[in-house]
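Fold and contact review
This is what each chain is made of:
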Amino acid sequence: MSIVPFRHASTWAPLLLAGLLAACSGSDRTPAPAAPAAPAVNTQLAKEIAMYEDLLKTQSYELAAPIGQDIVQRFPDSPEAAKVKQTLADVQAKAEATTTRRRLERLWSYQTGTSESGGTQNTASIYSSGGAAEERIRLVLRRHSEWGLSVYLFGSGKGFVCRDVCKLPATFDGQAAAIEAYLPETGEPALFIKDEKGFIARMSKTGTITLEATLKDGGKRRFEFEVGGYDAAKFPELAKKK
């Protein structure tokens, strides 16, 4: 039997230590996180700035406002964000005004050239605000080829209470007024306003009108109409008969 010669510790100890260090360094080292890709960030910022500026040129404030807000929030320390801040408050105000105007415009309904009782008519109408749908009434502007210009309130119930010529308490943007009205001879659930042209002229410069009327099946009620979106061009004069 052969005998393995004994090696001194000074021979194998350095080799063992080197192996242990290599094993530890291979298992415990965690790769450092990658740094953000600055070029990608700059590209995104450049795209948003370009969109924001293009939308301002076309006065598309509703679309520009959220993009400008995103630039300020995501890139707060950038020169681009500082530039956007100079216009953002104004853009947001215009965006809100545009949203409000479009909402008011959608409240109106227009019909032109329709046939009614042997004649032709154009109408513009708007429902009162608030309350249940069945409790609302309509404010109607009508031009009829036989009956001329009319302005009236129209309900879905039994109609209104009014003796002879009655006065309806009203406000035009908070300014008090009294509107003279009368019931139609034909018995429809309507209440006609006497000074049609004067009412429309004042309404055209008003944002909100309130009118108080008494219903046969509901008592005295106060109705509000958000008329600020009225478009006179969509309620044209009727063509004159040849």
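Residues numbered from 1 in each chain as written. Predicted model: local features only at pLDDT ≥ 70, side-chain atom pairs only at ≥ 80, totals over all residues. Heavy atoms only, no water.

**Remarks on the nonpolar core**
Keep this limit in mind: Note on terminology: a nonpolar core comprises buried Ala, Val, Leu, Ile, Met, Phe, Trp, Tyr and Cys residues joined through side-chain atoms within 4.5 Å. Note on classification: 1.4 Å probe, protein chains only; a residue is buried when its accessible area is under 20% of the maximum for its type, exposed when over 50%, partly exposed between these limits. Whether two residues touch is decided by their heavy atoms; if any such pair falls within 4.5 Å, the residues are in contact.
Formed by 31 residues in total, the largest nonpolar core has its most connected members in Leu139, Leu141, Leu153, Leu191, Phe199, Met203 and Phe225. Those residues in contact with Leu141, other than ones at most four positions away along the chain, are Trp108, Asn122, Thr123, Ala124, Ser150, Val151, Ile200, Met203, Tyr230 and Phe235. Among the nonpolar cores identified, the runner-up in size contains 16 residues, and Ala64, Ala65, Ile71 and Phe75 belong to it.

**A word on the layout of surface pockets**
Which entries qualify depends on this criterion: Within this scheme a cavity is a closed region of a 1 Å grid, computed over the protein atoms alone, that accommodates a 1.4 Å probe without allowing it to escape, whereas a pocket is open but has protein on both sides within 12 Å along at least five of seven lines; lining residues each have an atom within 4 Å of a point. Grid points are joined across faces, edges and corners, and a volume is the space filled by probe spheres set on the points. A helix here means a DSSP run of H or I that spans at least four residues, while a strand means a run of E at least two residues long, and both kinds are numbered starting from the N terminus. Throughout, the ten residues Ala, Val, Leu, Ile, Met, Phe, Trp, Tyr, Cys and Pro are labelled nonpolar, Asp, Glu, Lys and Arg are labelled charged, and all others, Gly among them, are labelled polar.
Counted as a void, the largest pocket has a volume near 510 Å³. Only β1 (108–116), β2 (119–127), β3 (138–144), β4 (148–154) and β8 (190–193) provide two or more residues apiece to the lining of the largest pocket. When its residues are assigned to classes, the lining of the largest pocket shows 10 nonpolar, 7 polar and 6 charged. Breaking the lining of the second largest pocket down by element, the ones donating at least two residues are β3, β4 and α5 (196–203). A per-class count over the lining of the second largest pocket returns 3 nonpolar, 3 polar and 3 charged.

**Observations regarding the packing of aromatic side chains**
What counts is decided by this rule: Pairing of aromatic rings covers Phe, Tyr and the six-membered ring of Trp, with a centre-to-centre limit of 6.5 Å; geometry is then stacked below 30 degrees between planes, edge-to-face above 60, and tilted otherwise. In our convention, an over-ring charge means Lys NZ or Arg CZ found within 6 Å of a ring centre and within 35 degrees of that ring's normal.
Enumeration according to the criterion identifies 5 aromatic pairs in this entry. Clustering of aromatic rings is evident, with ring pairs tying together Trp108, Tyr110 and Tyr230. A cation over an aromatic ring shows up here: Arg202 above the ring of Phe172, its NZ or CZ 4.4 Å from the ring centre.

**Considering α5**
Note on helix geometry: an α-helix contains 3.6 residues per turn, so any two residues three or four positions apart are oriented the same way. Put simply, the rule is: Directions drawn from the helix axis to the C-beta atoms are what define this arc.
By the burial criterion, the buried members of α5 are Glu196, Phe199, Ile200 and Met203. Taken end-on, α5 shows its buried residues confined to a sector of 95 degrees, consistent with a single buried face.

**What about the confidence of the model for the protein?**
Put simply, the rule reads: For every residue, the predictor states its confidence as a pLDDT score lying anywhere from 0 to 100.
On average, residues of the protein score 86 in pLDDT, and 82% of them are at 70 or above. Low pLDDT, under 50, characterises residues 1–27; the stretch is placed with 2 contacts to residues that sit more than four places away or in other chains.

**Examining helix α3 (residues 61–74)**
Basically, it comes down to this: Here the expected span of a helix is defined as 1.5 Å times the quantity of residues minus one.
Between its terminal C-alpha atoms α3 stretches 20 Å, which fits the 20 Å expected from 14 residues at 1.5 Å a residue. All of the buried residues in α3 are Tyr61, Ala64, Ala65, Ile67, Gly68, Ile71 and Val72.

**Some points on the pairing of β2**
Our working definition: Strands were regarded as paired on the criterion that DSSP finds at least two bridges between them.
Burial of β2 is extensive: 7 of the 9 residues sit out of reach of the surface. One ladder, built from 7 bridges, connects β1 with β2; its direction is antiparallel. Within β2, the position partnered with Ser109 by the bridge is Ser125. Here β1 hands over to β2 after 2 residues, with Ser117 in that stretch at a positive phi of 50 degrees. Two strands pair when backbone bridges link them, and β2 and β3 are joined in this way by 7 bridges, in the antiparallel orientation. Note that in β3 the partner of Ile126 across the bridge is Leu139.

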